[in-house]
Every structure is written in C-alpha cells, then in structure tokens.
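# Structural overview
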Amino acid sequence: MSTNPSREPGLSIRLDTGWFAGLLRADQIRRDTLTSLAVAWGTEEGRDDLVLQLDALAEAMSSARGDGELDHLLDAVEGAAGMDDAEVTVDLGRLLRLRAELDAAITVLARFNPAAARPVLLSKVPGQPERAA
C-alpha cells in the first residue's frame, strides 16, 4: 500500500510510484461488489449459481481464453451476484477536489510533452468566463 496525499483517499486520483500513470481509487465500488457477493451468497439458490459462475471463471483463468470469453464469464458472475454498474455518486465538492487532483496528476504526467496535455486540462467551471490559454 502506498501513501495517498488526498484528504479523502477512498475516492481519489494520485500518481503511481513511477509518475507514469494516474491511479483512480474508488473504495465504494469494492464495498458494493463485496456486498452484492455476500447477499447472493446468503441464499442457497444464489450461492449455487454464484459458485457455478465462479468455478467457470476460475477454470477459464487457468487455460487459454478466446476473445470475449473472459468478459462473458465476468458478466455471468456479476449477474449471479446481482451487481449493478460500477458507479459512484460524486457531489460537487468532491468533483472539484477530484478535478484538482486530476489536474495535478496531468501536470506531472505531461512533463515531457506539455503540448499534448494542454487541450485536456480542466480549465473552466461552467458559467464562468473563459480563461486565457
């Protein structure tokens, strides 16, 4: 585990240790996934279906897989567990904090090619006048 400078590390963006990529952390998605698995495990029918799907996934992981096979098997596990989309609701305050973290990461990642990052830097809040480039 590495240190995370965010004041809310459970939902944050930071640089990897080599400063070559950004890391998005969203702990709520993991919690929701584990909760869905536990709820499905709580019924005999759900447990049987979940075990069947997880066994198929485990078998595929130890052998050659065709295109799309892994996606299909993961979808089957998600279906057996009754999982929703991997989404997190983020309010305005957190969005602004995440934007600042993302801008800081982009600045560092673009250190060798700043022109490539210029068009994607988040520079304007809706409703505010355009800033000079």
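Just above, that's the structure.
First things first, this report covers the structure right here in the doc. Here the structure is a predicted model, which means the values were calculated and not measured. (Residues numbered from 1 in each chain as written. Predicted model: local features only at pLDDT ≥ 70, side-chain atom pairs only at ≥ 80, totals over all residues. Heavy atoms only, no water.)

### A word on helix α3 (residues 69-81)
- The terminal C-alpha atoms of α3, which comprises 13 residues, lie 19 Å apart, in line with the 18 Å expected from a rise of 1.5 Å per residue.
- Turning to α3, its buried residues number three or more, namely Leu-73, Val-77, Ala-80 and Ala-81. When α3 is viewed along its axis, its buried side chains cluster within an angular range of 100° and face the same direction. In α3, the exposed positions angled more than 90 degrees off the buried face are occupied by Asp-71, His-72 and Gly-79.
- Check the buried side of α3 and you find it contacts α1 (27-41) and α2 (44-61).
- Positive phi shows up at Gly-82, right after α3, with a value of about 65°. (Helix = DSSP H or I, 4+ residues; strand = E, 2+ residues; numbered from the N terminus. Expected span 1.5 Å × (residues − 1). Buried < 20%, exposed > 50% of the residue type's maximum accessible area, 1.4 Å probe, protein only. Arc of directions from axis to C-beta. Contact = heavy atoms within 4.5 Å.)

### Focus: the pairing of strand β2 (residues 22-26)
- Pairing of strand β1 (residues 11-15) with β2, which is carried by five bridges, proceeds in the antiparallel orientation. When the sheet's bridge partners are listed, Ser-12 is paired in β2 with Arg-25.
- Where β1 folds back onto β2 in an antiparallel hairpin, the turn is made up of six residues, including Trp-19, whose phi is positive at roughly 60°. (Pairing = 2+ DSSP bridges.)

### Quick look at a negative patch on the surface
- A contiguous patch of negative charge, built from Asp-32, Asp-71, Asp-75, Glu-78, Asp-84, Asp-85 and Glu-87, is present on the exposed surface.
- In terms of residues, the negative patch owes the most to one element, α3, which gives three residues.
- The exposure class of Asp-85 is exposed, given its relative accessible area of 61%. (Patch = residues over 30% accessible without salt bridge, like charges linked within 9 Å, V, L, I, M, F, W, Y side chains within 5 Å. Areas by Shrake-Rupley, 256 points an atom, 1.4 Å probe, with all protein chains shown as cover. Salt bridge = Lys/Arg side-chain N within 4 Å of Asp/Glu carboxyl O. Lys, Arg positive; Asp, Glu negative; His and termini not counted. Charge placed at Lys NZ, Arg CZ, Asp CG, Glu CD.)

### Quick notes on the environment of Glu-8
- Structurally, the position occupied by Glu-8 is in the segment before β1.
- Exposure remark for Glu-8: the relative accessible area of 25% places this residue in the partly exposed category.
- In this structure, the C-alpha to C-alpha distance between Glu-8 and Leu-98, residues 90 residues apart in sequence, is 9.6 Å.
- Glu-8 has contacts with Arg-94 and Arg-97, leaving out every residue within four places of it along the chain.

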